[in-house]
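Here's the letter readout for the chains.
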Amino acid sequence: MRPVIVTNPPRADVGQVTRLAEYGVATVHEALGRTGLLGPHLRPIQDGARIGGTAVTALCWPGDNLMIHAAVEQCQEGDVLVVTTTSPSQDGLFGELFATALRHRGVRGLVTTTGVRDVAELRELGFPVWSAAVSAQGTVKATAGAVNVPVVVGGQTVHPGDAILADDDGVLRVRRQDVEEGLTASQARLEKEAAARAAFAGGQLGLDRYGLRETLDALGVRYLTAEEYEKEQG
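Residues numbered from 1 in each chain as written. Predicted model: local features only at pLDDT ≥ 70, side-chain atom pairs only at ≥ 80, totals over all residues. Heavy atoms only, no water.

Considering the overall build of the chain
1) Next: When you go through the chain residue by residue, the secondary structure sums to 9 helices and 12 strands.
2) Next: Across the 234 residues of the chain, 45% fall into the buried class.
3) Next: Pairs at least 24 residues apart make up 75% of the contacts formed inside the chain by residues separated by at least 6 positions.
4) Next: Of the roughly 12200 Å² of accessible surface on the chain, 50% is carried by carbon and sulfur atoms.
5) Next: In the chain, 22 side chains carry a positive charge and 29 a negative one; their mean positions are 4 Å apart. (Helix = DSSP H or I, 4+ residues; strand = E, 2+ residues; numbered from the N terminus. Buried < 20%, exposed > 50% of the residue type's maximum accessible area, 1.4 Å probe, protein only. Contact = heavy atoms within 4.5 Å. Areas by Shrake-Rupley, 256 points an atom, 1.4 Å probe, with all protein chains shown as cover. Lys, Arg positive; Asp, Glu negative; His and termini not counted. Charge placed at Lys NZ, Arg CZ, Asp CG, Glu CD.)

What follows is the structure, given as structure tokens:
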């Protein structure tokens with residue numbers, strides 16, 4: 001890893017990202033072909049938060065939060081800080097003091113593959129966090145890493161300036177160049193889901209609406225009465 005701090009990378013339009021976040025992670029994920037999800041291991045420390053912002057990335061060494069301090073300076077209004085480490089670490093790299101500094105800069109939240117601490121204080125501040133762990137384990141500030149370089153989270157590459165969406169369903173990366181497509185596709189999916197919701201409320205079954213009876217038949221699934229099933233079981 002090359003120790004480096006990249007300044008002012010190109011960012012997705014924060015207004016468009018804000019609008020995209022309103023659709024929710026699950027809807028945008030489906031609308032864009034089920035891509036970009038950063039994995040089920042990143043969970044919110046609070047309920048009901050929904051954010052969208054542009055990624056500032058920090059690549060740290062395990063148990064070392066030096067590069068988070070460096071990343072704070074690179075953050076601006078509408079960003080989301082994304083932190084990961086060169087090898088797995090669940091130490092508490094982030095807490096209330098970092099959140100206080102980031103709120104001052106207009107940062108919308110944190111996504112980290114590490115642990116966080118000061119959870120009660122973070123909730124009280126209303127600073128949204130998605131993390132892989134909660135841990136009181138402290139850290140050092142001793143090893144150079146990188147800021148605003150591509151990082152891999154949950155098998156997905158996050159580039160600085162990409163859109164990061166997060167809510168109760170998880171965290172999603174939308175490539176900077178795909179945000180506008182995401183808006184169009186998510187609106188279309190929302191309308192499709194509204195039509196399905198109305199149909200289900202009226203009693204239609206998913207088996208019929210989605211043509212799944214034919215799928216079951218093609219897969220060899222048979223309908224048997226309870227008596228027929230017991231007879232076949234011997």
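Remarks on helix H4 (residues 96-104)
1) Next: Along H4, the residues classified as buried are Phe98, Ala99 and Leu102. The buried residues of H4 occupy an angular sector of 100° when projected down its axis, which confines them to one face. Residues of H4 that are exposed and angled more than 90 degrees away from the buried face: Leu97 and His104.
2) Next: One or two steps after H4, the chain reaches Gly106, where phi turns positive at roughly 80°. (Arc of directions from axis to C-beta.)

Some points on the environment of Leu190
1) Next: For Leu190, the location among the structural elements is in helix H6 (residues 179-201).
2) Next: Sequence-wise, Leu190 and Ala31 are 159 residues apart; in three dimensions their C-alpha atoms are separated by 9.0 Å.

Section: the pairing of strand E4 (residues 79-85)
1) Next: The buried count for E4 comes to 7 of 7 residues, which makes it a mostly enclosed element.
2) Next: Neither face of E4 is left uncovered, since the one carrying Asp79, Leu81, Val83 and Thr85 and the one carrying Val80, Val82 and Thr84 both have all their residues buried.
3) Next: Two strands pair when backbone bridges link them, and strand E3 (residues 51-60) and E4 are joined in this way by 7 bridges, in the parallel orientation. Residue pairing in the sheet places Ala55 in a bridge with Val80 of E4.
4) Next: Direction of pairing for E4 relative to strand E6 (residues 109-116): parallel, over a ladder of 4 bridges. Across the sheet, residue Val80 finds its bridge partner in E6, namely Gly109. (Pairing = 2+ DSSP bridges.)

With respect to the layout of surface pockets
1) Next: Counted as a void, the largest pocket has a volume near 190 Å³.
2) Next: Every residue lining the largest pocket is counted, 13 residues in all, and those nearest its centre are Asn65, Gly95, Leu97, Phe98 and Arg117.
3) Next: Of the residues that constitute the lining of the largest pocket, the class distribution is 5 nonpolar, 5 polar and 3 charged. (1 Å grid on protein atoms, 1.4 Å probe; cavity = no way out; pocket = protein on both sides within 12 Å on 5 of 7 lines; lining within 4 Å. Points joined across faces, edges and corners; volume = space filled by probe spheres on them. Nonpolar A, V, L, I, M, F, W, Y, C, P; charged D, E, K, R; others polar.)

Details of the packing of aromatic side chains
1) Next: All told, the structure shown has 3 aromatic pairs when counted by the stated rule.
2) Next: Note on Phe94 and Phe127: the rings are 6.0 Å apart at their centroids and 20° apart in plane angle, and the pair reads as stacked. With Phe94 in strand E5 (residues 92-94) and Phe127 in the loop between helix H5 (119-125) and strand E7 (129-134), this pair connects stretches of sequence that are 33 residues apart.
3) Next: Centre to centre, the rings of Phe200 and Tyr210 are 6.1 Å apart; their planes meet at 85°, and the pair counts as edge-to-face. Note that Phe200 is positioned in helix H6 and Tyr210 in the loop between helix H7 (206-209) and helix H8 (212-218), a separation of 10 residues in sequence.
4) Next: Here Phe200 falls in the partly exposed class, since its relative accessible area comes to 36%.
5) Next: Residue classification places Tyr210 among the partly exposed residues on the basis of a relative accessible area of 46%. (Phe/Tyr/Trp six-rings, centres within 6.5 Å; stacked < 30°, edge-to-face > 60°.)

Re unusual backbone geometry
1) Next: Although it is not a glycine, Arg34 sits at a positive phi angle of roughly 55°.
2) Next: Inspection of the secondary structure assignment puts Arg34 in the loop between helix H2 (25-31) and strand E2 (43-44).
3) Next: At Asp118, a residue that is not glycine, the phi angle is positive and equals roughly 60°.
4) Next: The exposure class of Asp118 is partly exposed, given its relative accessible area of 31%.

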